[in-house]
Amino acid sequence: MQLVVSTWNINSVRLRIDQVRRFLETVRPDILCLQETKCPDDKFPLKELQSYGYPFVVHIGQKGYNGVAILSRYPFLETGAMQMCERPDARHISITLAKEAKAAAGLTLHNFYVPAGGDIPDTTLNDKFAHKLQFLAEMRRWGERHRKGGAPGILVGDLNVAPLEHDVWSHKQLLNVVSHTPVETETLETLRQEAEWVDGMRVLRPEPEKVYSWWSYRSPDWAAANKGRRLDHIWLTPDIAPTLKSMSVTSETRGWDRPSDHAPVTAVLEL
DNA sequence: ATGGTTGTCATACAA
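Cut-offs applied
- Residues numbered from 1 in each chain as written.
- Chains lettered and ligands numbered in written order.
- Predicted model: local features only at pLDDT ≥ 70, side-chain atom pairs only at ≥ 80, totals over all residues.
- Heavy atoms only, no water.
- Salt bridge = Lys/Arg side-chain N within 4 Å of Asp/Glu carboxyl O.
- Helix = DSSP H or I, 4+ residues; strand = E, 2+ residues; numbered from the N terminus.
- Buried < 20%, exposed > 50% of the residue type's maximum accessible area, 1.4 Å probe, protein only.
- 1 Å grid on protein atoms, 1.4 Å probe; cavity = no way out; pocket = protein on both sides within 12 Å on 5 of 7 lines; lining within 4 Å.
- Points joined across faces, edges and corners; volume = space filled by probe spheres on them.
- Pairing = 2+ DSSP bridges.
- Contact = heavy atoms within 4.5 Å.
- Axes fitted to C-alpha atoms, helices over the stretch in contact; angles between N-to-C directions.
- Near = heavy atom within 4 Å.
- Polar contact = N/O pair within 3.5 Å; in protein donor to acceptor, adjacent residues only side chain to side chain.

Any chance you could explain the pattern of salt bridges here in plain terms?
Between side chains of opposite charge, pairing is possible as soon as their charged atoms come close. Evaluation of the coordinates by the stated rule reveals 12 salt bridges. Notably, a salt bridge pairs Glu-184 with Lys-132, separated by 2.6 Å at the nearest N-O pair. Here the residue Glu-184 occupies a position in helix H4 (residues 182–194), and Lys-132 occupies one in helix H3 (residues 127–149), the gap between them amounting to 52 residues. Take Glu-184 and Lys-132: they sit in the same class, and that class is buried. Glu-209 is the partner of Arg-205 in a salt bridge, and the nearest nitrogen-oxygen pair spans 2.9 Å. The exposure class of Glu-209 is partly exposed, given its relative accessible area of 34%. Taken together, the shared-partner salt bridges connect Asp-167, Asp-199, Arg-202 and Arg-230 into one network.

Encoded structure:
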């Protein structure tokens with residue numbers, strides 16, 4: 001069977017509900033993971049999203065900030081939500097697919113939203129950067145424990161780090177810019193490799209090809225300037241990595257009216 | 001070196 005999984009930082013699910021529908025109708029993923037829903041749970045547009053063909057939905061949110069959700073065509077065996085950094089932030093949610101998902105039954109999917117980290121890449125001057133590094137350190141410890149279970153899985157999300165040289169428009173010019181500093185890129189690569197996650201995009205589109213999933217709102221004419229970064233990721237456990245058939249960025253969404261600054265990333269697996 | 005935009009909530013704050 002084919003399993004299509006997408007991840008998208010939507011930057012307000014209520015404001016862009018029509019864009020979610022348009023994306024789902026076009027790409028037709030089996031599972032869509034959202035970040036930055038910016039929506040408390042009692043205001044989450046559950047029925048609308050279900051009516052688009054995704055009856056199985058989990059979400060956690062807060063007023064105005066953060067928030068993650070997973071929409072699925074298949075039911076769940078179980079769900080989870082980790083509290084990170086001892087904060088109330090809604091930055092992780094997970095599902096394990098039930099037997100109705102056929103060959104994907106038992107697959108666990110983790111959806112993360114890593115803190116952006118503010119503007120100054122210095123933990124003594126910027127608490128938000130310290131928070132980001134603490135979050136990554138917790139992901140690292142969790143990943144080590146998690147892999148000991150050995151279950152097949154997928155980790156997706158807005159990780160707010162562009163780890164490789166060709167994940168940004170200018171490696172040199174971004175070395176001191178939050179999202180591409182050595183402490184962030186090395187930490188993310190280390191935690192990924194220690195837990196044996198495979199970076200899906202770079203299996204099929206290796207460096208030196210440039211791949212981006214985010215273009216700043218502050219840059220006018222984003223498409224012509226193309227000063228992007230690859231902040232959104234889909235990682236696979238080694239057992240299912242050979243089933244990966246395609247990886248894509250739906251960059252058209254960035255050109256839609258009132259867009260998210262992130263574009264969706266999609267993986268196709270043949271399980 | 002600087003400022004550039006957006007969403008939420010209604011005044012800064014986070015991204």
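When you look at the layout of surface pockets in this model, what are you seeing that I'm missing?
With a probe scaled to a water molecule rolled over the atoms, the places where space remains empty come into view. Roughly 920 Å³ of internal volume is contained in the largest pocket. In terms of residue count, H3 provides more of the lining of the largest pocket than any other element does, 3 residues in total.

How do you make sense of the sheet that holds strand E12 (residues 232–236) when you look at a structure like this?
Adjacent strands of a sheet pair through backbone hydrogen bonds, lying either parallel or antiparallel. Read from one edge of the open sheet, 6 strands run E5-E6-E7-E8-E12-E9, paired in mixed fashion. What marks the edges here is a single partner per strand, and that holds for strand E5 (76–80) and strand E9 (198–199). Strand direction decides the pairing type here: strand E8 (residues 153–158) and E12, joined by 5 bridges, are antiparallel. From the neighbouring strand, Asp-158 faces E12, where its bridge partner is Asp-232. Sheet contacts for H3: strand E7 (108–113) and E8; angle to E7, the most-contacted strand, approximately 170°.

Sorry if this is basic, but what is going on with the protein's contact with DNA strand B here?
Around DNA strand B sit 16 residues in total, of which Ser-12, Lys-63, Tyr-217, Arg-218 and Arg-258 are the nearest. For DNA strand B, the fraction of atoms within 4 Å of the protein that belong to sugar or phosphate moieties is 70%. Between a phosphate oxygen of DNA strand B and a side-chain N or O atom of Arg-16, the distance comes to 3.0 Å. Within the backbone of Tyr-217, a nitrogen or oxygen atom sits 3.0 Å from a sugar or linking oxygen of DNA strand B.

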